[in-house]
Amino acid sequence: MIYYFSGTGNSKYAAEKIARLTGDRCVNIAAIYKGTVGSVVGRNDVTGFVFPVYYGGLPEIVKRFASHPEIKNNLAPYVFAVITCGAMSAAADLRLEQALGRQLDLSISLKMPDNYIIAYNPSSKEEALQTLKNADGKLTGIADRVLRRETHRETGAKGKIATAFMYPFYNIFRTTFFFGADDNCSSCGLCEKICPVDAIKMIRGRPEWIKNKCQHCTACINTCPRDAIQFTPLTKNRDRYSIFKLK
Ligand SMILES: Cc1cc2nc3c(=O)[nH]c(=O)nc-3n(C[C@H](O)[C@H](O)[C@H](O)COP(=O)(O)O)c2cc1C
Ligand code: SF4
Ligand code: SF4
């Protein structure tokens, strides 16, 4: 079985492709918590985790899920992780190992288009398409490595230092205080629907954010059809990224 979490679609895309090529099934961790997953029967000889790196570490929901006794006590004999990133996944694989309480057999860092528009402008559509094309080729190889039960870990000393330095900032910047909808908001309610963790509620036609649920996944700000969501005025002139807009 392959478990994934995804904000703007990269990790979902990766998980679905690996599942397809390895004859497995994948399931959305956020949907498990929402209770909207029916019975999904995947392979019981492999457990996979596919998710985006956040500040060199794990999204909160992935950490919570991986450290849940029902998950960590029922892992398959072979466990792999594919960590999608804009630049590098640092030592996120080691953080996953800590949560699971065991070593991964295979961990791969997969460069995909960067979605963190809260910090910078994302790459152009052409660059994003090229990055995705490269990732696509790499995904075929990853599936093959999983099928061959290859063992390999990617994290080096540089990654460990990067994670130790960056990951504490995730909790600091995982605030919803700066999220807001500007006058372009049409009250369509899409942001409320697409938030993977139900951290948005429409109140009097405007989205309101629920801090303790938000993963900072950027699905809302990147997906709003009117680019009406901002995270401080800095995001006003930035482009938006979502794999669903590319395809
Ligand atoms: C909160 C947050 C933090 C991020 N931190 C990193 C990072 O430390 N290193 C990196 O290379 N990419 C980082 N990214 C980029 C994402 O990991 C990358 O775009 C990922 O493929 C998005 O996956 P998704 O589309 O499945 O949500 C970050 C993105 C977000 C939203
Ligand atoms: S998706 Fe955008 S336009 Fe629609 S309700 Fe949310 S902020 Fe407003
Ligand atoms: S509120 Fe926005 S950033 Fe936070 S989890 Fe939902 S979609 Fe992601």
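Quick note: structure is the one above.
All values reported here derive from a predicted model rather than from experimental measurement.

Criteria and cut-off values
Residues numbered from 1 in each chain as written. Chains lettered and ligands numbered in written order. Predicted model: local features only at pLDDT ≥ 70, side-chain atom pairs only at ≥ 80, totals over all residues. Heavy atoms only, no water. Near = heavy atom within 4 Å. Nonpolar A, V, L, I, M, F, W, Y, C, P; charged D, E, K, R; others polar. Pairing = 2+ DSSP bridges. Helix = DSSP H or I, 4+ residues; strand = E, 2+ residues; numbered from the N terminus. Axes fitted to C-alpha atoms, helices over the stretch in contact; angles between N-to-C directions. Contact = heavy atoms within 4.5 Å. Salt bridge = Lys/Arg side-chain N within 4 Å of Asp/Glu carboxyl O. Buried < 20%, exposed > 50% of the residue type's maximum accessible area, 1.4 Å probe, protein only.

Engineer: Any chance you could explain the site of ligand 2 here in plain terms?
Structural biologist: Residues in close proximity to ligand 2 include C185, S186, S187, C188, G189, L190, C191, M202, P207, C224, P225 and I229, which together make up its full environment. Looking at the shell around ligand 2 residue by residue, the class counts come to 9 nonpolar, 3 polar and no charged.

Engineer: Please explain the sheet that holds strand β3 (residues 46–52) as it appears in this structure.
Structural biologist: The strand order across the open sheet built from 5 strands is β2-β1-β3-β4-β5, with neighbouring strands paired in parallel fashion. The open sheet terminates on both sides in strands that have one partner only, identified here as β2 (26–28) and β5 (106–111). Pairwise comparison of adjacent strand axes, ignoring direction, gives a mean angle of 20° for this sheet. Across 3 bridges, strand β1 (residues 2–4) lies against β2 in parallel orientation. By the bridge assignment for β2, I2 is matched with C26. Relative to β1, helix α1 (residues 10–22) is tilted by about 170°, and along the sheet it contacts β1, β2, β3, β4 (78–85) and β5. Against the sheet, helix α5 (residues 92–100) engages β3, β4 and β5, with an angle of about 140° to β4.

Engineer: I would appreciate a short explanation of the pattern of salt bridges in the present structure.
Structural biologist: One side chain can pair with another of opposite charge once the charged atoms of both are near each other. A full pass over the atoms with the stated rule returns 12 salt bridges. Note that D136 and K17 form a salt bridge whose closest N and O atoms lie 3.0 Å from each other. Taken as a pair, D136 in helix α6 (residues 125–147) and K17 in helix α1 lie far apart in primary sequence, 119 residues in all. A salt bridge links D198 to K34; its shortest N-O distance comes to 3.4 Å. Here the residue D198 occupies a position in the loop between α9 (190–194) and β7 (200–203), and K34 occupies one in helix α2 (residues 29–34), the gap between them amounting to 164 residues. On the basis of relative accessible area, D198 is assigned to the partly exposed category, the value being 28%. Here the salt bridges do not stand alone but share partners, grouping D144, R145, R148 and E150 into one network.

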